[in-house]
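Summary of the model geometry
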Amino acid sequence: METFKKNYFLGFAILTICLSCSKTTNMNSENIENKNERIEKLSPEIKVHSEILDAEFNLFNVNGFNNNFFTVPGSSSRDYKFVIKIKNAHIPLWTKDLEKVKGNLETEKWMKSLGETRQNNWKTISEPIFYKRKNEPNGTIIVFEKEGIIYKHINQL
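Predicted model only: the values in this text are computed from it and were never measured.

So, unusual backbone geometry
Positive phi, normally seen in glycine, also occurs at D97, with a value near 65°. Examined against the element boundaries, D97 turns out to sit in the loop between α3 (91-95) and β4 (98-101). With a relative accessible area of 63%, D97 lands in the exposed category.

Below you can see the structure in the form of structure tokens.
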């Protein structure tokens with residue numbers, strides 16, 4: 001009976017690990033040509049405050065993005081990097097409850113990789129405005145108001 005319990009536990013552990021590893025923990029927009037598909041894929045993963053006109057993203061979630069498998073959740077580590085284009089009038093909807101902070105584009109290297117695939121969609125000429133959520137040091141929001149472009153990085157490891 002003791003051997004049966006050990007084998008049962010070992011089998012359950014292996015099955016759980018296999019199923020947990022089969023989920024998708026990374027999601028990015030690099031190979032999604034259609035902007036509506038990119039928006040549809042990103043929208044369920046973020047808090048949407050208004051209509052999104054275009055999007056690029058590189059998301060990592062240790063618990064994955066695929067709910068087709070029974071999995072044992074891991075810690076809630078995630079690293080979300082995305083850029084969206086919205087109507088200029090909707091920018092306040094995305095920046096309410098945030099405070100302006102000083103920032104430097106040179107230190108935000110993650111931004112460059114987001115717009116590489118479709119560079120023409122993410123051209124900016126206006127000065128960036130940096131925001132953070134109060135008491136949340138692991139999130140950066142960079143707004144280009146004239147272009148209606150918002151870059152956001154959330155890092156919760």
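Some details on helix α2 (residues 35-42)
Every buried residue of α2 is listed here: R38, I39 and L42. Buried residues along α2 cover an arc of 95° about the axis, so they all sit on one side. Against β2 (54-61) and β3 (78-85) lie the buried residues of α2. For α2, the N-terminal capping position is held by N34, with its side-chain oxygen 2.7 Å away from the main-chain nitrogen of N36.

Regarding empty space enclosed by the protein
To find leftover empty space, a probe the size of one water molecule is rolled over the atoms. All told, the structure shown has 1 cavity of 30 Å³ or more when counted by the stated rule. Approximately 40 Å³ is the volume found for the largest cavity. Lining the largest cavity we find H49, W94, R133, I141, I150 and K152. Of the residues that constitute the lining of the largest cavity, the class distribution is 3 nonpolar, 1 polar and 2 charged.

Description of the nonpolar core
Counting 23 residues, the largest nonpolar core has L42 and I84 as the members making the most contacts within it. Residues in contact with L42, not counting those within four places in the same chain, are A55, F57, L59, F82 and I84. In terms of nonpolar packing, the next biggest core, distinct from the first, is built from 10 residues, W110, I142, F144 and I149 among them.

Section: the packing of aromatic side chains
Tallying each qualifying case throughout the model produces 2 aromatic pairs. Between the aromatic rings of W110 and Y151, the centroid separation amounts to 6.2 Å while the plane-to-plane angle is 70°, which identifies the pairing as edge-to-face. Here Y151 lies in strand β7 (residues 149-156) and W110 lies in helix α4 (residues 110-114), a separation of 41 residues in the sequence. Residue classification places W110 among the buried positions, given a relative accessible area of 11%. Among the aromatic residues, those joined into a ring-pair cluster are W110, F144 and Y151. When the ring centre of Y80 is taken as reference, the NZ or CZ atom of R78 above it lies at 4.9 Å.

Cut-offs and rules
- All residue numbers here refer to positions counted from 1 along the written sequence of the relevant chain.
- Thresholds applied to this predicted model are a pLDDT of at least 70 for local features of residues and 80 or more for the giving and counting of side-chain atom pairs; totals over whole chains, interfaces and linings are not thresholded and use all residues.
- Side-chain calculation: all heavy atoms of the structure are included, whereas hydrogens and water are not.
- Strands here are runs of E lasting at least two residues and helices are runs of H or I lasting at least four, both read from the DSSP assignment and numbered beginning at the N terminus.
- Each residue gets one of three labels from its accessible area relative to the maximum for its type: buried under 20%, exposed over 50%, partly exposed in between, using a 1.4 Å probe on protein chains only.
- What the arc describes is the spread of directions from the helix axis to the C-beta atoms.
- Contact criterion: two residues are considered in contact whenever any of their non-hydrogen atoms come within 4.5 Å of each other.
- In protein, a polar contact means a hydrogen-donor-capable atom and an acceptor-capable atom, both N or O and within 3.5 Å, with residues adjacent in sequence counting only if both atoms are side-chain atoms; elsewhere, any N or O pair within 3.5 Å suffices.
- Only protein atoms enter the 1 Å grid, on which a cavity is a set of points fitting a 1.4 Å probe that cannot get out and a pocket is an open set with protein on both sides within 12 Å along at least 5 of 7 lines, lining residues being those with an atom within 4 Å of a point.
- Grid points are joined across faces, edges and corners, and a volume is the space filled by probe spheres set on the points.
- Residue polarity follows a fixed list, in which Ala, Val, Leu, Ile, Met, Phe, Trp, Tyr, Cys and Pro are nonpolar, Asp, Glu, Lys and Arg are charged, and the others, Gly among them, are polar.
- Here the nonpolar core consists of buried residues drawn from Ala, Val, Leu, Ile, Met, Phe, Trp, Tyr and Cys, with membership extended through side-chain atoms lying within 4.5 Å.
- Here a pair means two rings of Phe, Tyr or Trp (six-membered ring of Trp) with centres within 6.5 Å. Their orientation is stacked below 30 degrees between planes, edge-to-face above 60, and tilted elsewhere.
- For a Lys NZ or an Arg CZ to count as sitting over a ring, it must be within 6 Å of the ring centre and within 35 degrees of the ring normal.

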